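Summary of structural features
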Amino acid sequence: MAVHTFAAIYIGTYEVSLKVFEFSTKKKVHGIDHIRAKHDLGKDAFAGGKIGYEHVKDLCDTLLQFKEIIEGYHVKQYEVYASAVLRDSSNELFVLDQIYLRTGIRVKVVSNSEYRFISYKSVACYPEFEKIIQKGAVVVGVGGASVQMTIFRDGKLTTTQHIETGILRIRNLLYNREHSLKMYEKEIEEYVNKKLEGFRAMYLNENIEYVILLSDYAAELIPFIKESKEKNYLVESGQFTHFLNKIQKKTQEEISAELHISDEREPLIIPALILFKTLIMSINPKKVWVPDANVQDGIAYDYAQKNRLVPAAYDFDADVISGAQFLSEHYNSYSPHIEALSKLSIKIFDAMKKVHGLGKRQRLLLEVATILHDCGKYVSLSESPENAYHIIMASEIIGLTHKEREIVALVVLYNTLPLDSYEDLSDKLTHEDYLCVAKLSAILRVANALDQSHRQKFKNIKISVQERKLVITVEAFEDISLEQALFDAKTEYFESIYSIKPVLKEKRVYNY
């Protein structure tokens, strides 16, 4: 049976790990090896702001060893990811350059939203996932630098929030203290609860049925809690916290021995346990689900999905739309006008496929921009576009990369304001991305021109490209003098981008 082999390397805050996968002809993913190497990069990055020379040398040596292992498995494709530990280092570019020169490896440094989305993909492919999120769930991704909370209600993603209180950050607070959990449990719980206070008040106003806990250490706890070798299943939250309470008086060495934690990972187990316990007690779910999955499973799934090695198990684009709608509602801007504009903008986009040359992903970005284009009015009516831009850039929209979020924010900005020259935006956008912003904002302007009154006066809208015209034929059941009067002025920008003139034709509907 033919198999496709792939490897994923992740450079984290406290370890570098390699995982090797096989994709079978039955379109299934199997992990066949998982190797970890301790590298306390976060100690340098978070304390001193940069990664030291010795750590760079050790990291390169490990990556060279991983390359040999990959070659031994005859792996043809592999990807190397790094997140906050490099992203937050002032010498990031120099470290990446040294890695490439010494190992030949190109490292992809991902934004927080990209990292969390990849991690989220690792669990969303499980069949249990869709059932669990129907009943109200929080996906809690615990890393060395931070915690990410993503809330689902009735099967839809509502929000995702980033909280800087990860395992390594807590460990730094405990540095050089005695290794009894009881001695500083209270103060760390207070610290974590303070970080969670705003999140609880704003987003946890309804009961949560499940917490989906994503962390290597959490997965290792489950066999001891359930006294079973199986890792991937549900635990009653009371059972989970009871287990942590049971070992809270033990020393670090005793806890590590009981949980079979290796010496090199021992210093992180206490802050991990404190964080898990505080999170579960704070959210107060009925059950905790700890899948045996990590970021490398997400990298492998993402690769397999893009190369059609596995079937699509979950609609991630729907989460992007759902998250955008929640954000729009949060700023009191989601309305029938927004719903009408979403349909109109997509209808125009689809009618112009041969003209704009954009694809499915850009279509999604247009829909997100349409949903969010009015959110800035919550802050100021006079400076709505600028405020909307800042709201979007400051918000986590899981499923969008940082670059895609920038495109969405700029489409919203230039829906109203004049488009800046490429030279003025070249520090943010490539030439291709700049064209995408121009094309999508032009479409959004036309859609907006069709509903100037915010009263949705049209039905049975037909849109087609005829010679050098974009012909929009509508059935109107109210007077559309306002839309007709402003249409040419509002669509002039579109004409300059596409060299196509939008034309509004009315087919009047009389009600007797």
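This text goes with the structure placed above it.
Described below are features of the structure shown in this document. Positions within a chain are numbered from 1, following the residues in the order the chain's sequence is written. Only residues with pLDDT of at least 70 are given local features in this predicted model, and only at 80 or more are side-chain atom pairs given and counted; all residues enter the totals for whole chains, interfaces and linings. For the side-chain quantities, the full set of heavy atoms in the structure was used; hydrogens and water were omitted.

Turning our attention to the overall build of the protein chain. Counting its secondary structure elements, the protein chain contains 22 helices and 14 strands. By the compact-globule yardstick of 24 Å for 512 residues, the protein chain fits well, its C-alpha radius of gyration being 26 Å. Considering only C-alpha atoms, the protein chain reaches an extent of 80 × 50 × 50 Å along its principal axes. A 1.4 Å probe rolled over the protein chains alone gives each residue an accessible area, and that area as a share of the maximum for its type sets the label: buried under 20%, exposed over 50%, partly exposed in between. Expressed as a percentage of its 512 residues, the buried residues of the protein chain come to 54%. Runs of E in the DSSP output that reach at least two residues are strands. Runs of H or I that reach at least four are helices, and both are numbered from the N terminus. Put simply, the radius of gyration uses C-alpha atoms, and a globule should come to 2.2 Å times the residue count raised to 0.38.

Moving on, we come to the environment of R87. Along the chain, the position of R87 falls in helix α3 (residues 84-87). When the C-alpha atoms of R87 and S111 are compared, they prove to be 7.6 Å apart, with 24 residues separating the residues in sequence. Excluding anything up to four places from it in sequence, R87 contacts E92, V109, V110, S111 and N112. N or O atoms closer than or at 3.5 Å make up a polar contact, with two conditions inside protein: a donor-capable atom paired with an acceptor-capable one, and, for residues adjacent in sequence, both atoms drawn from side chains. Polar contacts involving the side chain of R87 include one to the main-chain carbonyl oxygen of V110, which spans 2.8 Å. Throughout, a residue-residue contact means that at least one pair of heavy atoms, one from each residue, lies within 4.5 Å.

To estimate the expected span of a helix, count its residues, drop one, and scale the result by 1.5 Å. Here helix α12 (residues 269-283) contains 15 residues, and its C-alpha end-to-end distance of 21 Å stays within 8% of the 21 Å for a straight helix at 1.5 Å per residue. Counting buried positions along α12 yields 14 of 15 residues, so the element is predominantly enclosed. With its phi angle positive at about 60 degrees, N284 sits one or two positions after the end of α12.

Note on pairing: two strands pair once DSSP finds at least 2 bridges between them. Spatially, the five strands line up as an open sheet ordered β3-β2-β1-β4-β5, and their pairing is mixed. Strand pairing shows two members of the sheet lacking a second neighbour, β3 (29-38) and β5 (108-109), which therefore form its edges.

Another aspect to go through is the sheet that holds strand β7 (residues 147-153). Taken in spatial order, the six strands of this open sheet run β8-β7-β6-β9-β11-β10, and their pairing is mixed. The sheet is open, and its two borders are formed by β8 (156-163) and β10 (233-236), each paired with just one other strand. Taken over all neighbouring pairs, the strand axes of this sheet differ in orientation by 20 degrees on average, direction set aside. As judged from the seven bridges shared by β7 and β8, these two strands associate in the antiparallel manner. Its bridge partner being in β8, M149 is matched across the sheet by Q161. Every angle, taken between N-to-C directions, lies between 0 and 180 degrees, and every axis is a line fitted to C-alpha atoms, over only the stretch in contact when it is a helix.

A few words on the packing of helix α5 (residues 112-124) against helix α13 (residues 295-306). Close contact between α5 and α13 brings their axes to 7 Å; oriented N to C, the two are set at 85 degrees. Classed by the angle they form, the pair α5 and α13 counts as roughly perpendicular. For the pair α5 and α13, contact is made by Y115, I118, S119, K121 and S122 and by V295, D297, G298, I299, Y301, D302 and Q305, respectively. For the contact of α5 with α13, a count of residues per class yields five nonpolar, four polar and three charged. Between 65 and 115 degrees an angle is taken as roughly perpendicular, under 35 as roughly parallel, over 145 as roughly antiparallel, and anywhere else as oblique. Amino acid classes used here: Ala, Val, Leu, Ile, Met, Phe, Trp, Tyr, Cys and Pro are nonpolar; Asp, Glu, Lys and Arg are charged; the rest, including Gly, are polar.

Let us look at the pairing of strand β4 (residues 77-82). With six bridges connecting them, strand β1 (residues 3-11) and β4 associate as parallel partners. Pairing of A8 across the sheet is with E79, part of β4. As paired strands, β4 and β5 are joined by two bridges and run parallel to one another. In the sheet register, A82 faces β5, and the bridge partner there is V109.

A few words on the packing of aromatic side chains. Pairs were defined over the aromatic rings of Phe, Tyr and Trp, the Trp ring being its six-membered one, requiring ring centres within 6.5 Å. Orientation was assigned from the angle between planes: stacked under 30 degrees, edge-to-face over 60, tilted for the rest. Applying the stated criterion across every chain, the model contains 17 aromatic pairs. Residues Y126 and W289 carry aromatic rings whose centres are separated by 5.8 Å and whose planes lie at 85 degrees to one another, so their mutual orientation is edge-to-face. In this pair, Y126 is assigned in the loop between α5 and α6 (127-133) and W289 in strand β11 (residues 287-290), connecting sequence segments 163 residues apart. A centroid spacing of 5.6 Å and a plane angle of 85 degrees characterise the contact between F129 and F152, whose relative ring orientation is edge-to-face. You can see F129 sitting in helix α6 and its partner F152 sitting in strand β7, a full 23 residues away along the chain. Taken individually, F129 and F152 each receive the classification buried, so the pair is uniform in this respect. Within the aromatic cluster, the residues linked to one another by ring pairs are F117, Y120, F129, F152, Y301 and F316. Here, a charge over a ring is recorded when the distance from Lys NZ or Arg CZ to the ring centre is within 6 Å and its angle to the ring normal is within 35 degrees. The aromatic ring of Y100 is capped on one face by R106, whose charged end is 3.6 Å from the ring centroid. Seen from the ring of Y493, R445 lies directly overhead, with NZ or CZ sitting 3.9 Å from the centre.

Working definition: two side chains of opposite charge can pair if their charged atoms are close together. Counted as salt bridges are all cases of a side-chain nitrogen of Lys or Arg within 4 Å of a carboxyl oxygen of Asp or Glu. With the rule as written, the count across this model stands at 13 salt bridges. Its salt-bridge partner being R361, residue E404 comes within 2.7 Å of it at the nearest N-O pair. In this pair, E404 sits in helix α19 (residues 402-413) while R361 sits in helix α17 (residues 360-372), placing the two residues 43 residues apart along the sequence. Among the residues examined, R361 registers a relative accessible area of 29% and is labelled partly exposed. K501 is paired through a salt bridge with E495; the nearest N and O atoms lie 4.0 Å apart. Under the relative-accessibility criterion, E495 is labelled partly exposed at 32%. In the salt-bridge network here, residues are joined through shared partners; they are K121, D302 and K306.

This paragraph deals with the state of the cysteines. A pair of sulfur atoms, both from cysteines and within 2.5 Å, is called a disulfide here. A complete count under the given rule lists zero disulfides for this structure. Between C375, a cysteine without a disulfide, and C436, which holds the nearest cysteine sulfur, the sulfur-to-sulfur distance is 18 Å. Here C375 falls in the buried class, since its relative accessible area comes to 0%.

This part covers the nonpolar core. Joining through side-chain atoms within 4.5 Å is the link that ties buried Ala, Val, Leu, Ile, Met, Phe, Trp, Tyr and Cys residues into a set, and such a set is a nonpolar core. Within the largest apolar cluster, 77 residues are counted, with the highest numbers of intra-cluster contacts made by I11, V140, M149, L213, F240 and F276. When residues in this core are grouped by element, the largest group, ten residues, is from α12. Beyond its immediate sequence surroundings of up to four residues, M149 is in contact with V138, V139, V140, T159, T160, Q161, I163, L196, F199, L279 and I283. Judged by nonpolar contacts, the second largest core, of 64 residues, contains A324, Y414, Y434 and L450.

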